[in-house]
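# Survey of secondary and tertiary structure
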2 protein chains.
Amino acid sequence: MNFTISHIDGNARTGSIALSRGTISTPVFMPVGTMGAVKAMSPHELLDIGAEIILCNTYHMYLRPGQQIVAEAGGLHKFINWHRPILTDSGGFQVYSLSPLRKITQEGVTFRSHINGSTHFIGPLESMEIQAALGSDIIMAFDECTPYPSSYEYTLKSLELTTRWAETCQKISTANQTLFAIVQGGVFKDLRLESARQLIDLNFEGYAVGGVSVGEPKEMMHEIIAYMASELPPDKPRYLMGVGFPEDILAAVEAGFDMFDCVIPTRTARHGTLLTTHGRIIIGNSRFRVDHTPLDPQCGCYTCQNFTRSYLNHLYKAGEILGIRLNTIHNLYFYLDFMKKIRTAIEEDRFNSFKKAWLTASV
Amino acid sequence: MNFTISHIDGNARTGSIALSRGTISTPVFMPVGTMGAVKAMSPHELLDIGAEIILCNTYHMYLRPGQQIVAEAGGLHKFINWHRPILTDSGGFQVYSLSPLRKITQEGVTFRSHINGSTHFIGPLESMEIQAALGSDIIMAFDECTPYPSSYEYTLKSLELTTRWAETCQKISTANQTLFAIVQGGVFKDLRLESARQLIDLNFEGYAVGGVSVGEPKEMMHEIIAYMASELPPDKPRYLMGVGFPEDILAAVEAGFDMFDCVIPTRTARHGTLLTTHGRIIIGNSRFRVDHTPLDPQCGCYTCQNFTRSYLNHLYKAGEILGIRLNTIHNLYFYLDFMKKIRTAIEEDRFNSFKKAWLTASV
């Protein structure tokens, strides 16, 4: 991996992450393909909307179909027919959020599958093995994601465990995959800084901030965003995991983050919530029944170029899969276009005014 | 509409139906877009697989979104963004098969919506009005579809009512839509012939055979197929409604039918049943977990060109929409390709041997 910064505007920056499977322009949004498919999208549609990298979940691919099958298929890229970069997470977050039962030791986590209740164990060794079998381009060190709320004492012990696990991951990861570490520390600023310091000492190729957007008040998340980026090495990609709404991404870019992933655009699309530059649209709302205009006249996506709000309302009411598809294409296009506008604003030294104008228009 | 026969092989024939929005090669299979969308498909994907005409259901479009909204949108083609020909059925079949309550008079049918239980009335006048508002290219005369079993006496009275309704439809239909009549008569050969005679006397532009595949034994359906086509005018398109499996279509083409529609390829796809030249595949079957070959190596569809059985098995198990999409693309491509092979075989005077080879290979 080669990370280059091309322009800095305040703390916001544009750059590129060069990987063997392709180069990513940052700040970047990564569509989420949890189980080896970005929900409702084909890989060719992802190319069409300009996705440069997607995220897949190690936990899900481990449970089903299993990394062995993916490896036999020639790796995740071949299995899902997506040949640009893939980032896989560590499995840590899902082990805590999805498993009905888990037990943490120094070696890793014993947990139950959310699919069939079977018992499994993943630690740093296992996470690296799974991600190696998947063959993703950027891999994440196995971490403990502390829930909100957690005590100061627990959070301190936990971040130290995360550091030890990250060290283990670093020792066994191979050169053909790029390993990022995940900063934890909950909502405690000194613990966040301590976690960052410990991981920076180990010198990873990139740094993620995990354990945010896990139920803490939004103001707390924005505080973490505000002080965290500047504590991470300026010459390495900074990745804010699982965030968020456009306004959250604007705050994080302003602070100096480079990478984002979130299920918001795809999940809300499936439930009929569509994002436009003038705010959110609930497409099932009866006023759209007779609205024969495009969803967003300024949008260049397939949905807005070819269909009307009235038809999208009809498809939503009728429960048609095509409705879910068209909504998803729009929301993902909207996010990727949003990131492109952010990059342009930074390049033109007007990120601050862009951010203000965006927040005003979308209210 | 201009119907031209290009080649005859036994009773099977190839031809073309020229309509203002496009020309259809016959024998043709029409994908079913019940509620204004072929389930899981985009209109551009339908173009990609070579669909020349689709069917939409008058009953469904009437109930939701309502023909007024479609008319305001500029007609069904504009509303759903499909600019090749559309055939709409009469609404007759759905009134009988979906409504929880119905009352038939000489003027039409009072029924309850399967969506919200509200009371509605559709007769020949209403059916023509709805289809005119939709603006479909081929429209169907309103009929009574007699259920199986029905008595001889009831079926006789019913087919006479269908004839009177067809006459009414003919009087009020306009020149920019092509009106087909629907032959009824249940499983009684003399009544089928009587229905055909009465409708042929009225001189429609095309003739459909309705009321088949409504629960009667398959042999009875094949009997009707075998004698019915030759009773219909040779110079008009012959349409066998709602049929069927490839073997049924082969029998019907052999008898001289030109047009088909059926939900089988799309519905079975959603449930993971995939059609290949070597028989059906249940993609959820565990032996496909580790099968890294294409679904059908001889198939040229997007699914077979880009994905493996193992990935399709994974998507099916994971309940991913992409799985439904890829399965649907394959099955519809398979049907359209099957019709193309049928047309080629007829043109080359080898339909009979083609049929035999097909039935042998697919067992």
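Definitions and limits used
- Residues numbered from 1 in each chain as written.
- Chains lettered and ligands numbered in written order.
- Predicted model: local features only at pLDDT ≥ 70, side-chain atom pairs only at ≥ 80, totals over all residues.
- Helix = DSSP H or I, 4+ residues; strand = E, 2+ residues; numbered from the N terminus.
- Buried ≥ 20, exposed ≤ 12 C-beta atoms within 10 Å, placed from the backbone.
- Pairing = 2+ DSSP bridges.
- Contact = placed C-beta atoms within 7 Å.
- Nonpolar A, V, L, I, M, F, W, Y, C, P; charged D, E, K, R; others polar.
- Least-squares fit on C-alpha atoms with pLDDT ≥ 70 in both.
- Axes fitted to C-alpha atoms, helices over the stretch in contact; angles between N-to-C directions.
- Domains from an automatic or database assignment.
- pLDDT = per-residue confidence, 0-100.
- Parallel < 35°, antiparallel > 145°, perpendicular 65-115°, else oblique.
- Left-handed = near helix turned anticlockwise from the far one by under 90°.

## Some words on the overall build of chain A
Helix and strand content of chain A: 15 helices and 16 strands. Principal-axis analysis of the C-alpha atoms places the extent of chain A at approximately 60 × 45 × 40 Å. Looking at chain A residue by residue over its 363 residues, the buried ones come to 53%.

## Points about the pairing of strand 8 (residues 109–112) of chain B
Along a regular strand, successive side chains alternate from one face of the sheet to the other. Residues and elements named next belong to chain B. Residues V109 and F111 line the buried face of strand 8, whereas the alternating positions T110 and R112 sit on a face that is not buried. Two elements, strand 7 (residues 102–104) and strand 8, share three bridges in a ladder whose sense is antiparallel. Paired with K103 across the two strands is T110, which belongs to strand 8. Between strand 7 and strand 8, which follow one another and run antiparallel, lie four residues, and G108 among them has a positive phi close to 155°. Here strand 8 pairs with strand 9 (residues 119–122) via four bridges, running antiparallel. Its bridge partner being in strand 9, F111 is matched across the sheet by H120. Counting the residues that bridge the hairpin from strand 8 to strand 9 gives six residues, and of these G117 lies at a positive phi of roughly 80°.

## Here's the deal with the interface of chain A and chain B
Listed by partner, the interface residues are 32 residues for chain A and 32 residues for chain B. Take the side of chain A that touches chain B: its biggest share by element is six residues, from helix 13 (residues 309–318) of chain A. Looking at the side of chain A that touches chain B residue by residue, the class counts come to 17 nonpolar, eight polar and seven charged.

## Let's talk about the relation of the copies chain A and chain B
Each of the two chain copies can be generated from the other by rotation about an axis followed by a shift along it. Here chain A sits on chain B after a turn of 180° about the axis and a move of 0.0 Å along it, with an RMSD of 0.0 Å. On the angle and the small slide along the axis, the relation comes out as a two-fold axis. Identified as the residue of chain A closest to the rotation axis by C-alpha distance is I321 of chain A, at 3.8 Å. When you check the interface residues of chain A against chain B, 100% turn up at the interface there too, and the contact is symmetric in its surfaces.

## Topic: the sheet that holds strand 8 (residues 108–112) of chain A
All names here are of chain A. Taken together, three strands build an open sheet; the order of strands is 7-8-9 and the sheet is antiparallel. The open sheet has two edge strands with one neighbour each: strand 7 (102–105) and strand 9 (119–122). Strand after strand, the sheet turns through a mean of 15° between neighbouring axes, direction not considered. Two elements, strand 7 and strand 8, share four bridges in a ladder whose sense is antiparallel. Note that in strand 8 the partner of R102 across the bridge is F111.

## Observations regarding the domain arrangement of chain A
Residues and elements named next belong to chain A. Once the domains are mapped, chain A shows domain 1 (2–261) and domain 2 (263–363). Relative placement of domain 1 and domain 2: their C-alpha centres are 26 Å apart. Listed per partner, the contact involves 27 residues of domain 1 and 26 residues of domain 2. If you list the elements that add at least two residues to the side of domain 1 that touches domain 2, you get strand 1 (2–9), strand 2 (12–19), strand 4 (28–30) and helix 10 (246–255).

## Re the sheet that holds strand 2 of chain A
Residues and elements named next belong to chain A. Pairing is antiparallel across the open sheet formed by three strands, whose spatial order is 1-2-3. Two strands lie at the open edges of the sheet, namely strand 1 and strand 3 (22–26), each paired on one side alone. Here the average twist between neighbouring strands, direction ignored, is 10°. The pairing of strand 2 with strand 3 spans five bridges and is antiparallel. Residue A18 lies in a different strand from strand 3, and its bridge partner there is T23. Of the strands in this sheet, strand 1, strand 2 and strand 3 are in contact with helix 14 (residues 321–347), which crosses strand 2 at around 120°.

## Remarks on the confidence of the model for chain A
Put simply, chain A has an average pLDDT of 97, and 100% of its residues get 70 or more. At the level of chain-chain contacts, confidence expressed as ipTM amounts to 0.98, with global pTM at 0.98.

## Focus on the packing of helix 9 (residues 218–228) of chain B against helix 10 (residues 246–255) of chain B
Residues and elements named next belong to chain B. Where helix 9 meets helix 10, the closest approach of the two axes is 8 Å, and the angle between their N-to-C directions is 25°. For the element pair helix 9 / helix 10, the angle class is roughly parallel. Here helix 9 runs over helix 10; the crossing is right-handed. Counting all contacts with helix 9, which are made through H222, I225 and A226, the residues of helix 10 involved are A251, A252 and A255. Its residues assigned to classes, the contact of helix 9 with helix 10 shows five nonpolar, one polar and no charged.

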